[in-house]
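Observations on chain architecture
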Amino acid sequence: MNKLLAYFFFLLVGPIWGQSLSEPAVFQHYFKDDLRAARLYTDAGLGKYFWLAQQREPNLNYYGFDDYSLDHDGAFGSILLTPKHQPRLGIDLMGSHAGEFNGALRSRLDVDAMQVSLDVQGQYLNQIRDANGDGWQDQAQNQSFYLDNGWDFYSGRYHSNNNIQFLSLEQQDGQTAFLQGDTMAYGQELKLQQQQFSSHHLLGFRTKDLLLINLQYKDHMQQRNWGEREYEGEEVRLEVKARYEYHLKSELDIFRMQLDVVQNRFIERLDSQDFRRDERLLGGALGYDTYWGPKWQFITHMQLHYHNLAGPQFSPQLKLNYQIHKEVKSNFFAGRSWRFANPLTEYADLLRTGRSIAVDSDWQAEELYYYGFALDVSHWWNLYYGPFGAFLSQLQFRWRQQLAPQEMVANLDEDPYLLSFDYLEEGQRGLRNSLEVSGGINFSEPLLSFNFDYRHSRRWSYIADQRRELPLYSRHRLRLSARYICRFRNWPRNRPTSLFTIESILYLQSAQRLPTLGARGDAPERSPGFSRWDMELELPFNRWFSKSKFFKKTAFKLGVQQLLNRQQKTLIYGAEDPFSADFEGGYQWGSTVGRRFYLHFRYQLM
């Protein structure tokens, strides 16, 4: 057992535009605005490190096509955690001033050509007591359990990667009343359970052939309650993919063949409404990559599938890379994709309402055509010897436009007492424009970095036969971050030692269009802008007390979320009677969780 290795990094961060820990999902929900994926976030507490992300063929499609398409890994997606480095056996403990506590254990065992890992995480005692001061305890519990067991096997040119994951989560099992002393308590609850198995096998023949086989099975169950409204979602998905690659004589050109087989059963229930789909997909893809001289690369990926509900579907995807300079890269991309919408799952935040809900159950496949351009620039500067004299600068630019001849749209504007999910009529189409600019400067001395990430998007579609801007998204989003590592020189060892690390992240988002409430209430046409500021201080005890057997295995972090305590002011309309048709609780554009201080302790046992 002396080869037992482990580690767990508990302060997990979501996508680059998201925040870690307690933020409700307002930023993350709209980050991947082109893929209305089903995601799960815990709305409060330290435990928001689980999220269901639609990892679209991470091993079979590695050219980034799916960044712009609607291909997805089922309705609920895969359990995804931020990748973690794994030294020796360790534990993580984390708590906040709100009475929350989380714990985790991760281990890994290496035996010859096999590697086995185990990850166990638990969260409990997460409580926020009357955060809005209405006299009721808002959230009675927020607990979860997560198990991840994986094993890898290597033998010559054969590599097998297998993984079993189990997630059980329960949150918001409490009562929320909107008026002091109101006996009409409005309960909210979420229960989720998902188990999935994935197996990836890679086999190399000679030096030019490659065979990859992927198998994935997923079983998901989810229950949500908003007052008297009940929602259930179920999905059982089996997916088999195989790809063969052959490198031509030049060893630069690649020919690919792919086979796809998918069996999927998906069920959504809302009160007395029951929506069910049994899907079967069979097909494959052909692809060819070739270089034109030292600077041009042309990549093709042609998919042809037969779906029992959508019929034959052809999805070409093209990408052209051009090396403008050794430090300047560009690419042009275009393609088509399709999928089936799962409206109750993807728009779950809007179901906390007194509106009647209607869904067009005459299933139609959503279509998306996209094209765009990307540019990446990086340069290392050596201006002079001394502080701030050498640094790395980076800039990424991406523009894309998407056309949707068919899509399902949430209609909140036509009737203030009705939420309907409708398909587009003939001749109508949705349109999305997106501009993304990100970059940063990283100094070598001192260890200081500044980064930014700006997103601008516009979205239009047809609502009640009128072309309108879609509601509840921000046109402008900006993330600013700074990170500084303070070091001093350890003269006995003649090398620098870290004293502390401090990181600051500021999130800004512009106003969002709010659907009209009509006679139900008076809502502004656009929400206010919103901001969030988080800071974290890391104290590397393992560097301070390197001779101590205890401290050299520890790490300690202090942090504060929502430093400015910015919260959404108006969230609930019709709060005096949460069970009436005038009630509206789905308009969320900012955080409902205020300032929170937390501590994070990590100890490496082996």
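Below is a short write-up of the structure.

What counts as what
Throughout, residues of each chain are indexed from 1 in the direction in which the sequence is written. Side-chain atom pairs in this predicted model are given and counted only at pLDDT of 80 or more, local residue features only at pLDDT of at least 70, and totals for whole chains, interfaces and linings cover all residues. Side-chain metrics rest on all non-hydrogen atoms present in the structure, leaving aside hydrogens and water. Strands are runs of DSSP state E lasting at least 2 residues, helices are runs of H or I lasting at least 4, and numbering of each runs from the N terminus. Buried means the residue's accessible area, taken with a 1.4 Å probe over protein chains only, is under 20% of the maximum for its type, while exposed means over 50%, and partly exposed covers the values in between. Any two residues having at least one pair of non-hydrogen atoms within 4.5 Å are treated as being in contact. Two aromatic rings from Phe, Tyr or Trp, using only the six-membered ring of Trp, form a pair when their centres are within 6.5 Å; if the ring planes differ by under 30 degrees the pair is stacked, by over 60 it is edge-to-face, and anything between is tilted. A ring is considered to have a charge above it if a Lys NZ or an Arg CZ atom is located within 6 Å of its centre and within 35 degrees of its normal. Buried residues of nine kinds, namely Ala, Val, Leu, Ile, Met, Phe, Trp, Tyr and Cys, make up a nonpolar core once their side-chain atoms join them within 4.5 Å. Like-charged residues are merged into a patch within 9 Å and nonpolar side chains (Val, Leu, Ile, Met, Phe, Trp, Tyr) within 5 Å, provided each residue has over 30% relative accessible area and no salt bridge. Using a 1.4 Å probe, the Shrake-Rupley method yields the accessible areas, and only the shown protein chains count as cover for residues. One side-chain nitrogen of Lys or Arg within 4 Å of one carboxyl oxygen of Asp or Glu is enough to make a salt bridge. In summary, the charge assignment counts Lys and Arg as positive and Asp and Glu as negative, without counting His or the chain termini. Taken as the charge location is NZ of Lys, CZ of Arg, CG of Asp or CD of Glu. One requirement defines pairing of two strands: DSSP has to find at least two bridges between them. The axes are straight lines fitted to the C-alpha atoms, using for helices just the contacting stretch, and the angles between their N-to-C directions are given from 0 to 180°.

Examining the overall build of the protein chain
Counting secondary structure elements, the protein chain contains three helices and 29 strands. Burial status across the protein chain gives 51% buried among its 606 residues. For the protein chain, restricting intrachain contacts to residue pairs at least 6 apart in sequence, the fraction spanning at least 24 positions comes to 65%.

A word on the packing of aromatic side chains
Inspection of the entire model under this criterion finds 20 aromatic pairs. An angle of 80° between the planes, with centres 6.3 Å apart, marks the rings of F275 and W363 as edge-to-face. Note that F275 is positioned in strand β13 (residues 273-292) and W363 in the loop between β17 (356-359) and β18 (366-382), a separation of 88 residues in sequence. The class of F275 is buried, set by a relative accessible area of 9%. An aromatic cluster of three or more residues is present, and its members are F541, F545, F550, F551, F556 and Y603. If you follow R566 out to its NZ or CZ, it ends over the ring of F530, 5.7 Å from the centre.

Focus: the nonpolar core
Ranked by size, the top nonpolar core spans 24 residues in total, and within it L344, L350, L351, I357, L419 and F421 carry the most contacts. Counting residues per element, the ones that place at least two in this core are β17, β20 (408-411) and β21 (418-423). At three residues, β21 tops the list of elements feeding residues into this core. Once residues within four sequence positions are removed from consideration, L419 is found in contact with L350, L351, R355, S356, I357, A358, A410, N411 and L412.

Things to note about a negative patch on the surface
Taken together, E414, D415, D422, E425, E426 and D465 make up a surface patch of like negative charges. The exposure class of D465 is exposed, given its relative accessible area of 59%.

Observations regarding the pairing of β18
Put simply, side chains in a regular strand alternate between the two faces of the sheet. With 12 bridges joining them, strand β16 (residues 328-339) and β18 adopt antiparallel strand pairing. Across the sheet, W338 pairs through a bridge with E367, a residue of β18.

As for the pattern of salt bridges
Proximity of charged atoms lets side chains of opposite charge pair with each other. Scanning the entire structure with this criterion turns up 26 salt bridges. A salt bridge links R339 to E366, with the shortest nitrogen-to-oxygen separation between them at 2.8 Å. One end of the pair, R339, is in strand β16; the other, E366, is in strand β18, and 27 residues separate them in sequence. Judged by its relative accessible area of 1%, E366 falls in the buried class.

Focus on the environment of L202
Positionally, L202 belongs in strand β9 (residues 186-205). It is 6.3 Å that separates the C-alpha atoms of L202 and S160, two residues lying 42 residues apart in sequence. In this view, L202 contacts R157, Y158, H159, L210, L211 and L212; residues no more than four positions away in its chain are not counted.

Focus: the sheet that holds β21
In spatial order, the strands read β17-β21-β20; together these three strands make up an open sheet with mixed pairing. Single-partner strands in this sheet number two, and they are β17 and β20. Each neighbouring strand pair of the sheet contributes to a mean axis angle of 15°, computed without reference to strand direction. Sheet topology note: the β20/β21 ladder contains four bridges and is antiparallel. Considered in β21, the bridge of N411 is made with S420.

Topic: the environment of Q317
Along the chain, Q317 turns up in strand β15 (residues 311-325). Q317 sits in the buried class, given a relative accessible area of 0%. Between the C-alpha atoms of Q317 and I299, which are 18 residues apart in sequence, the distance is 8.3 Å.

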